[in-house]
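# Structural description and commentary
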Amino acid sequence: MVPMTAAVPHNPYRSPAPAPVPSRAVLEDAGELLRALAAPVRIAIVLQLRESPRCVHELVDALGVTQPLVSQHLRILKAAGVVHGERSGREVLYELVDDHLAHIVVDAVAHAEEG
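Throughout what follows, the structure given in this document is the object of discussion. For clarity, every value in this text was computed on a predicted model and none was experimentally measured.

## Concerning the overall build of the chain
What the chain contains, in helices and strands, is five helices and three strands. Each helix and strand of the chain, placed in order from N terminus to C terminus, yields the pattern α-α-β-α-α-β-β-α. In the chain, buried positions account for 23% of the 115 residues. Once local pairs closer than 6 in sequence are excluded, the contacts in the chain between residues at least 24 apart make up 52%.

Right under this line is the structure:
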């Protein structure tokens, strides 16, 4: 008798061959990036900036938190290379450095919603 095996669903994140382990420096940088994204307010900021660049007062209004709190979280995201700001008159417009970061956050939120 031939044993039957269950079909394994395709996982686009799993490669057919074992992937090489990145260097320790790359793994540490990835860990720092994930730590920078690991706060609910910072996740919400990334989701807002995914739509369009925003200044601090727009983020305050959208998130319903205080200006000092938004500024503190933006400093952390900026230090981690997640966002950058560009001065426009008296305001600074913040935007995501690249779309990869938005995908990480969107995927994490979708996973949590499936939950």
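Following the structure, the description resumes.
## Structural notes on the pattern of salt bridges
Per the counting criterion, the structure on display carries three salt bridges. The partner of Glu32 in a salt bridge is Arg35, and the shortest N-O contact between them spans 2.8 Å. Of this pair, Glu32 and Arg35 both sit in helix α1 (residues 24–36), three residues apart, which is roughly one turn of that helix. A relative accessible area of 46% means that Glu32 is categorised as partly exposed. As a salt-bridge pair, Glu51 and Arg50 come within 3.7 Å of each other at their nearest N and O atoms.

## Focus on the environment of Leu93
Secondary-structure assignment places Leu93 in strand β3 (residues 91–96). A relative accessible area of 33% means that Leu93 is categorised as partly exposed. Sequence spacing of Leu93 and Cys55 is 38 residues, and the spatial spacing of their C-alpha atoms is 4.5 Å. Discounting chain neighbours no more than four positions away, the residues touching Leu93 are Pro53, Arg54, Cys55, His84, Gly85, Glu86 and Ser88.

## What to know about the environment of Leu59
Checked against the element boundaries, Leu59 lands in helix α3 (residues 56–63). With 35 residues separating them in the primary sequence, Leu59 and Tyr94 have C-alpha atoms 9.7 Å apart. For Leu59, the residues in contact, after removing those within four places along its chain, are Ile45, Gln48, Leu49, Arg54, Gly64, Val70 and Leu74.

## Things to note about the sheet that holds strand β2 (residues 83–88)
With antiparallel pairing, three strands are arranged side by side in an open sheet as β1-β3-β2. In this open sheet, the two strands that pair with only one neighbour each are β1 (54–55) and β2. Running at roughly 95 degrees to β3, helix α2 (residues 40–51) makes contact with β1, β2 and β3 of the sheet.

## Overview of the packing of α2 against helix α4 (residues 67–79)
The geometry of α2 relative to α4 is characterised by a closest axis approach of 10 Å and an angle of 80 degrees between their N-to-C directions. Our classification of the angle between α2 and α4 gives roughly perpendicular. Of the residues in α4, those in contact with Val41, Arg42, Ile45 and Val46 of α2 are Leu69, Val70, His73, Leu74, Ile76 and Leu77. Of the residues assigned to the contact of α2 with α4, the class counts are eight nonpolar, one polar and one charged.

What counts, and at which threshold
- Residues numbered from 1 in each chain as written.
- Predicted model: local features only at pLDDT ≥ 70, side-chain atom pairs only at ≥ 80, totals over all residues.
- Heavy atoms only, no water.
- Helix = DSSP H or I, 4+ residues; strand = E, 2+ residues; numbered from the N terminus.
- Buried < 20%, exposed > 50% of the residue type's maximum accessible area, 1.4 Å probe, protein only.
- Contact = heavy atoms within 4.5 Å.
- Salt bridge = Lys/Arg side-chain N within 4 Å of Asp/Glu carboxyl O.
- Pairing = 2+ DSSP bridges.
- Axes fitted to C-alpha atoms, helices over the stretch in contact; angles between N-to-C directions.
- Parallel < 35°, antiparallel > 145°, perpendicular 65-115°, else oblique.
- Nonpolar A, V, L, I, M, F, W, Y, C, P; charged D, E, K, R; others polar.

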